[in-house]
Amino acid sequence: MTTDRTVADLVVERLVAWDVERIYGYAGDGNNPLLGALQRAEIAPTFGRARHEESAAFMAVADAKYSGAVGVMTSTQGPGAIHLLNGLYDAKLDSVPVVALVAQQHTSVLGSGYQQEINLGNVFADVAGPYLQTVSSAEQAPMVIDRAFRSALTHRTPVVVILPHDVQNAEAPELGEDLGQEHGVVVTAPEWTHGVTTPRDDDVARAVEVLDAGERIAILAGRGVAGAQAELMELAERLDAGVTMSLLGKPYVDESSPLVGGTMGHLGTTASARILQNCDTLLIVGSNDPWTEFYPEPGQARAVQIDLDPVHLANRYPIKVGMVGDAAAALRELTGRVADRDRSAWRGDVEKWVGQWWEISRMRSEVPARGLNPELVARRLGERLPHDARLAVDVGSSVYHYVRQISLPTTVPAHLSSTLASMGCGIPYAIAAKATAPAKPVAVLAGDGAIQMLGINELITVSEAWPSWEDPTMVIVVLSNRDLAEVSWEQRESEAQPRFARSQDVPPFDVAGYAELLGLRGVRVEDPEQLVPALEEAFLADRPTVIDAITDPDIPLLPPFPHGREMVESMRTGLRAEGVAGEHALELLEAYARMEEERFT
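Residues numbered from 1 in each chain as written. Predicted model: local features only at pLDDT ≥ 70, side-chain atom pairs only at ≥ 80, totals over all residues. Heavy atoms only, no water.

Student: Can you break down the overall build of the protein chain residue by residue, with the values?
Tutor: Helix and strand content of the protein chain: 23 helices and 18 strands. In terms of overall size, the protein chain behaves like a compact globule, its C-alpha atoms giving a radius of gyration of 25 Å where 601 residues would be expected to give roughly 25 Å. Based on the C-alpha atoms only, the size of the protein chain along its principal axes is roughly 75 × 65 × 45 Å. Expressed as a percentage of the 601 residues in the protein chain, the buried residues total 58%. Expressed as a percentage of contacts within the protein chain between residues at least 6 apart in sequence, the contacts between residues at least 24 apart total 75%. Charged side chains in the protein chain number 49 positive and 84 negative. The centres of these two groups are separated by 5 Å. (Helix = DSSP H or I, 4+ residues; strand = E, 2+ residues; numbered from the N terminus. Rg over C-alpha atoms; globule rule 2.2 N^0.38 Å. Buried < 20%, exposed > 50% of the residue type's maximum accessible area, 1.4 Å probe, protein only. Contact = heavy atoms within 4.5 Å. Lys, Arg positive; Asp, Glu negative; His and termini not counted. Charge placed at Lys NZ, Arg CZ, Asp CG, Glu CD.)

This is the structure in structure tokens:
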């Protein structure tokens, strides 16, 4: 091995040039040269050590979501590389820019079936389609790193750079002002930018024509409205439009407005379902939400869609007009050109449905339960989120309660594995939220199944990291019901089958006691009277707090009506097949169904 500057050193320098502040990963023999370069560099990204490569990948994805920059991860070859896949697919399906620096065995042994040798090109071919490249020479490295970052940023997607061990240790080429010209070498620079794309004028005119003709206008807002929150609500007010959101769009829409009906889809609100099923005109803004059965029926509504990526136009619903452009610019164009019309009757319906939904939401949270009602836990957490907090939500029943009970201020970014819906993301996401803003409080809402999947391991990472945080506040609320509740209710709903206890039981685990063993605060809450004091103390504590909230698994995960009405009978069938064990859940299901029918009939 040379003692001169190596390709690994060059890679670290390039990361610095791309303003990378953090790189998440786990050590192995394959990426030891890169980690050594991180250690000896005078200026280098901070290395965020996870307990598992899958967690590291989630952290990198969450870093990109919370910071708006590129998330970066690294692993060794073989098993470490495979472990990254879940996080990379999370990034792909939620359109998040990440760069994975993945080690590989020496180039001289590739093809021999060497220790931990796998075909990384095949492994990553689908998830890193826009840019997947092996660095096979020192001179190639700067170009590959630069193109990887430009590709990730341009396509909003994960990319993978494969770094063989011997190439990492090779002597790096000199990169000065005079790069020279040599056949077979591509010179490059760490630079990327983008402009503001505005829609074509004739598309705007056609869209205005559709909107002006509409009597009952609905808006479906996705994550593309992140930079257009004020513009979205200004147009909604102008059109008297009911506003619904995709799961990714929820944090960017002001839910205090009487026009906002909440998140759409299977886990959404009844108000959103009413708005979408009764509109005659639909405006889709920056959304590619896959819950197509919750859109208006095809032919019911004339639709306009705004998206920065033309490939998403008419991807989920048959539109009349597509507008390609930045959401803020496009919405301003529409607001300035749509006509004033009296849509007060439709606005009245929307505001009535929104009001009815919030009353149902409140009533659901107050339904007596065995232990805590998880909807009440989520509601009380949401009420106590500081205005500058960051929220991480794990996958499972906690997402339903987040959507239906937490009305987020638009100053609170909230993220989760949305389209992939991968359990175990909550604690890794929270760690990245803290890494990107150590002075801001962070909260987590997760189920006990998700916590046992990855969260327990990453609580060790929390215990290692928190003393260096400027603000030690991290409140981890675990909905402990000893059940994989979302899947249990899906079995009843989709299959009309009883809960399969052998597959659904979550073994008891004292997560509060475990937190105490790690030097964190741990609190077990079993009574509703204990809940608010526990939350208030946690947000004032001198270290992260795990609240083990003992919740009732029988609280129904009922889809919004009228879709939910179609599912109630299959749920009843499944619960009746459970015999005595299903009686309590059946009573709660009937109570929830009555709330919906009485307020929306």
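Student: Provide a residue-level description of helix H14 (residues 374-383), including the pertinent values.
Tutor: Two residues of an α-helix separated by three or four positions point the same way, owing to the 3.6 residues in each turn. With 8 of 10 residues buried, H14 is to be regarded as a mostly interior element. Listed in full, the buried residues belonging to H14 are Pro374, Glu375, Leu376, Val377, Ala378, Arg379, Leu381 and Gly382. By the N-cap criterion, in which a side-chain oxygen at the helix start approaches the backbone nitrogen of a residue two or three places on, H14 is capped by asparagine 373, the distance to glutamate 375 being 2.8 Å. (Polar contact = N/O pair within 3.5 Å; in protein donor to acceptor, adjacent residues only side chain to side chain.)

Student: Tell me what's going on with helix H3 (residues 53-67), and back it up with residues and numbers.
Tutor: With 15 residues, H3 extends 21 Å from end C-alpha to end C-alpha; this agrees with the ideal 21 Å at 1.5 Å per step. Burial runs high along H3: 14 of the 15 residues are buried. Of the residues one or two after H3, glycine 68 is the one with positive phi, at around 85°. (Expected span 1.5 Å × (residues − 1).)

Student: Tell me what's going on with the UniProt feature "domain: Thiamine pyrophosphate enzyme central" (unreviewed entry) in the protein chain, and back it up with residues and numbers.
Tutor: Here, the residues flagged by UniProt with the feature "domain: Thiamine pyrophosphate enzyme central" (unreviewed entry) are residues 204-334. Across residues 204-334, the secondary structure splits into 29% helix and 21% strand, with the terminal C-alpha atoms separated by 7 Å. (UniProt positions renumbered as here; feature names shortened; annotations may be inferred.)

Student: Give me the sheet that holds strand S2 (residues 46-49): which residues, what numbers.
Tutor: Strands sit in the order S2-S1-S3-S4-S6-S5 across an open sheet of 6 strands; the sheet is parallel. Of all strands in the sheet, those with a lone pairing partner are S2 and strand S5 (132-134), marking the two edges. Each strand of the sheet is rotated relative to its neighbour by a mean of 20°, with strand direction disregarded. In terms of strand pairing, strand S1 (residues 22-25) meets strand S3 (residues 71-75) through 2 bridges, oriented parallel. Opposite glycine 25, over in S3, you have threonine 74 as the bridge partner. Against the sheet, helix H7 (residues 141-155) makes contact with S3, strand S4 (98-104), S5 and strand S6 (158-164), and its axis sits at roughly 165° relative to S6, the strand it touches most. (Pairing = 2+ DSSP bridges. Axes fitted to C-alpha atoms, helices over the stretch in contact; angles between N-to-C directions.)

Student: I'd like a description of the side chain of aspartate 471, backed by residues and values.
Tutor: With respect to the secondary-structure elements, aspartate 471 resides in the loop between helix H17 (448-465) and strand S16 (474-480). Among buried Asp, Glu, Lys and Arg side chains, aspartate 471 stands out as unpaired, with lysine 434 the closest opposite charge at 4.5 Å. Beyond its immediate sequence surroundings of up to four residues, aspartate 471 is in contact with Lys434, Pro438, Ala439, Lys440 and Pro441. (Salt bridge = Lys/Arg side-chain N within 4 Å of Asp/Glu carboxyl O.)

Student: Just give me the short version of unusual backbone geometry, but keep the residues and values in it.
Tutor: Of note, the bond from phenylalanine 561 into proline 562 is cis; its omega dihedral lies within 30 degrees of zero at 10°. Within the secondary structure, proline 562 sits in the loop between strand S18 (545-550) and helix H22 (563-577). A positive phi angle, close to 60°, is found at aspartate 19, a residue other than glycine. One can find aspartate 19 in the loop between helix H1 (7-17) and S1. Owing to a relative accessible area of 62%, aspartate 19 belongs among the exposed residues under this scheme. One non-glycine residue, alanine 496, lies in positive phi territory at about 55°. Locating alanine 496 in the fold gives a position in the loop between helix H18 (485-495) and helix H19 (501-504). Of the residues examined, alanine 496 reaches a relative accessible area of 30% and is grouped as partly exposed.

Student: Break down the sheet that holds strand S9 (residues 260-263) for me, citing the residues and quoting the values.
Tutor: The strand order across the open sheet formed by 6 strands is S9-S8-S7-S10-S11-S12, and the pairing between neighbours is parallel. Of all strands in the sheet, those with a lone pairing partner are S9 and strand S12 (321-324), marking the two edges. Averaged over neighbouring strand pairs, the angle between their axes works out to 15° when direction is ignored. When strand S8 (residues 242-245) meets S9, the two strands line up parallel, connected through 3 bridges. Counted as the bridge partner of valine 243 is valine 260 from S9. Where helix H10 (residues 229-239) meets the sheet, its contacts fall on strand S7 (217-221), S8, S9 and strand S10 (281-285), and the angle it forms with S7 comes to roughly 165°.

Student: How would you explain the packing of aromatic side chains if you had to name every residue and give the values?
Tutor: Within the structure shown, the criterion is met by 6 aromatic pairs. Each ring, one from tyrosine 295 and one from tyrosine 317, has its centre 6.2 Å from the other, and the planes form 10°; the classification is stacked. Of the two residues, tyrosine 295 sits in the loop between S10 and strand S11 (302-307) while tyrosine 317 sits in the loop between S11 and S12, which places them 22 residues apart along the sequence. With respect to class, tyrosine 295 is no different from tyrosine 317; both count as buried. Centre to centre, the rings of tryptophan 346 and tryptophan 353 are 5.7 Å apart; their planes meet at 80°, and the pair counts as edge-to-face. Here the two residues tryptophan 346 and tryptophan 353 agree in accessibility, since each one is buried. A cation over a ring is seen here: lysine 250 above tyrosine 402, with NZ or CZ 5.1 Å from the ring centre. The aromatic ring of tryptophan 489 is capped on one face by arginine 492, whose charged end is 4.5 Å from the ring centroid. (Phe/Tyr/Trp six-rings, centres within 6.5 Å; stacked < 30°, edge-to-face > 60°. Lys NZ or Arg CZ within 6 Å of the ring centre and 35° of its normal.)

Student: Account for the pattern of salt bridges, naming residues and giving values.
Tutor: Evaluation of the coordinates by the stated rule reveals 41 salt bridges. In this structure, arginine 5 and glutamate 13 form a salt bridge, with 2.8 Å as the shortest nitrogen-oxygen distance. Overall, the relative accessible area of 24% leaves arginine 5 in the partly exposed class. Accessibility expressed as a relative area gives 39% for glutamate 13, which makes it partly exposed. A salt bridge links arginine 521 to glutamate 537; its shortest N-O distance comes to 3.9 Å. One end of the pair, arginine 521, is in strand S17 (residues 521-525); the other, glutamate 537, is in helix H21 (residues 528-540), and 16 residues separate them in sequence. According to the relative accessible area criterion, glutamate 537 is partly exposed, its value standing at 47%. Each of the salt bridges in this network shares a partner with another, and the network as a whole consists of Arg379, Arg380, Glu383, Arg384 and Glu536.

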